[in-house]
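One letter stands for each residue in the lines below.
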Amino acid sequence: MQCKPQAQFGENLVSPPILSPPAPPPSPRRLDSTSAAPRSPRRRHQVSAPLLAAASTDPLPFFAAAAGSLISPAQTPAVAASQMSTVRTASICAAEAARGTHSFKIANYSLHKGLGVGKFISSATFSVGGHQWRILFYPDGGEEDDKDYVSVFLDLVSQGVTVRVIYDFRLVEPATGLSSSVSSCSKVFCAVHPSFGVSKFKKRSDLEGTYVQNDCLVIECEVTAIKESRAAGMDMAVEVQVPPSNLSDNFVKFLETEEEVDVTFKVKGEVFRAHRLVLAMRSPVFKAELCGPMKHKRREIITIEEMEPAAFKALLHFIYTDSLLDLDGDDMVKHLLVAADRYGMERMKLMCESILCRNIDVENVASTLALADQHHCNKLKDVCIEFINSCDRIGDVVASKGYEHLKRACPTVFMDVWERSVKSRRVWGRQARKVEERWQARAVWDGGWAIDRAEVSFRRWISVVGYLVVGTKG
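Report on the accompanying structure. Computed from a prediction, not measured in an experiment: that's the story for all the values here. For every chain, the first residue of its written sequence is number 1, and the numbers climb from 1 along that sequence. Predicted model: local features are reported for residues with pLDDT of at least 70 only, side-chain atom pairs are reported and counted for 80 or more only, and whole-chain, interface and lining totals are derived from all residues. Only hydrogens and water are removed before side-chain values are computed, so all heavy atoms of the structure are retained for them.

A separate point is the overall build of the protein. Within the protein one finds 18 helices and 14 strands. Think of it in three bands: residues with accessible area under 20% of the maximum for their type are buried, residues over 50% are exposed, and the middle band is partly exposed, with areas taken using a 1.4 Å probe on protein chains only. Relative to its 474 residues, the protein shows a buried fraction of 34%. Contact definition: two residues touch when any of their heavy atoms are within 4.5 Å. For the protein, restricting intrachain contacts to residue pairs at least 6 apart in sequence, the fraction spanning at least 24 positions comes to 64%. Every accessible area reported is derived by Shrake-Rupley at a probe size of 1.4 Å, with residue values counting cover from the shown protein chains alone. Here the protein has roughly 30,100 Å² of accessible surface; of this, 53% comes from carbon and sulfur atoms. Numbering of helices and strands runs from the N terminus; a helix is a DSSP stretch of H or I covering at least four residues, while a strand is a stretch of E covering at least two.

In this model, helix 9 (residues 309-321) (13 residues) spans 18 Å end to end at C-alpha, consistent with the 18 Å of a helix rising 1.5 Å per residue. Most of helix 9 is tucked away: 11 of the 13 residues are buried. Those residues of helix 9 not exposed but buried are P309, A311, F312, A314, L315, L316, H317, F318, I319, Y320 and T321. Among the residues trailing helix 9, D322 stands out with phi positive, at a value near 60 degrees. Working rule for helices: expected span equals 1.5 Å times residues minus one.

What follows deals with the packing of helix 12 (residues 365-374) against helix 13 (residues 378-390). In this analysis, axes come from line fits to C-alpha atoms, helices being fitted only over the stretch in contact, and the angle between any two N-to-C directions falls in the range 0 to 180 degrees. One can describe the packing of helix 12 onto helix 13 by two numbers: an axis separation of 8 Å at closest approach and a directional angle of 150 degrees. Considering their axes alone, helix 12 and helix 13 lie roughly antiparallel with respect to each other. When you trace helix 12 past helix 13, the crossing you get is left-handed. Residues V365, T368, L369, A372 and D373 of helix 12 touch helix 13, and the partners they reach there are L380, K381, C384, I385, F387 and I388. Tallied by class, the residues present in the contact of helix 12 with helix 13 amount to eight nonpolar, one polar and two charged. Orientation labels follow simple angle bins: below 35 degrees gives roughly parallel, above 145 gives roughly antiparallel, 65 to 115 gives roughly perpendicular, and whatever is left gives oblique. Here a crossing is called left-handed whenever its near helix is offset anticlockwise from the far helix by less than a right angle, and right-handed whenever the offset is clockwise. Gly counts as polar in this scheme, as do all residues outside two lists: the nonpolar Ala, Val, Leu, Ile, Met, Phe, Trp, Tyr, Cys and Pro, and the charged Asp, Glu, Lys and Arg.

Strands are labelled as partners when DSSP assigns at least two bridges between them. Ordered in space as 11-10-12, the three strands form an open sheet in which the pairing is mixed. On the outer flanks of this sheet lie strand 11 (270-274) and strand 12 (301-303), each paired with one strand and no other. Across the sheet, the mean angle from the axis of one strand to that of its neighbour is 30 degrees, orientation sign disregarded. Where strand 10 (residues 263-267) lies against strand 11, five bridges are found, and the strand directions are antiparallel. In the sheet register, T264 faces strand 11, and the bridge partner there is R273. Helix 9 rests against strand 10 and strand 11 of the sheet, and its axis sits at about 10 degrees to strand 11.

Next up, the structure:
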């Protein structure tokens, strides 16, 4: 079902004010023999016959003359019109809305292929606008005509409600961690029609070639739930279109042209030039280096050790623009995280953590955990530990290249992993026995227990760490 964007909400809702015609003057009061006479007689104007004859062709001079002192000769029609006040009013109709974005990561993507046409996998439920939602992903298409495509739908889980929603399905590019919109639509969800989406969301071959990496796919859905519309008066004001800020463009141009540069860096033979004041303003480490005892050595070349030139270039770009360059893979993100930690760039460090959190898998979780532990990335560390504790492929984690580095560089992190695991289970011994019984049921008896390498590793972890944490083996 391909959705087409609808018109903006509130469009053409405000109508111009309607001016009603003036009420007709009241008819003159008629006096008869029973009516009360006026208390004091008033002088009546005597109108000559020639003036009455002129009134039939041009009534305005007639009334002006007949009114006498009520309208002075100097009060012309143009002056009277200029004294009329013009009222200009306006109103605005605004809609209240709640917006949220849910990221749905599909691990082991290849195992979901072949599920069958019309069969889906579901995300966890999430809340936007006080309603519960979920994302439905059909790896083999929602219908027979869509079998070469994947289908994606947004499903209203809450019962007995009607809500108008603008939803936007997005795909996350693994190389950059950034998402791009694929389909956006506005629909009314209700009990009769609880699900809307895109049947031909993406051709499967295109999806797997661009957006699937390490057997993982990440889909984002931005949901905007429209609550209600309210009309209110507004003060008339002149609206001035203000252009967006170009401060970052000016700064990066200043860096690229090397105008007025006063400090030079050398990184593995590659030379970079910058401005001391900008570096000191953005980084406390650069401020200490460039505005401290070294500030008088204006022409000295500063050599940067243990950093890649590409990472230092990306660091300078962020300092001048407050934005990241397009990063090529997780390795460059890790180099940039190390640089951010080294020079005290906390915002840049958190941005790198966010990208790494979205790209965690069994192959890189051990090396990422070691990096997070060494550079005090608490958020990233928590995500890695949670992934390890919830992962059913612990053997692949143990066999990964980063696992050996994790054991050598951060041996104490294993206690954090298993203490977190124990806290998530009320009774450690009961869980360990269940794991042991499951493995015994899977093992094959052939003159002895035949247990693969991953199971041996995991059993050693349970027995040794279980003993260290709770004082019991098994």
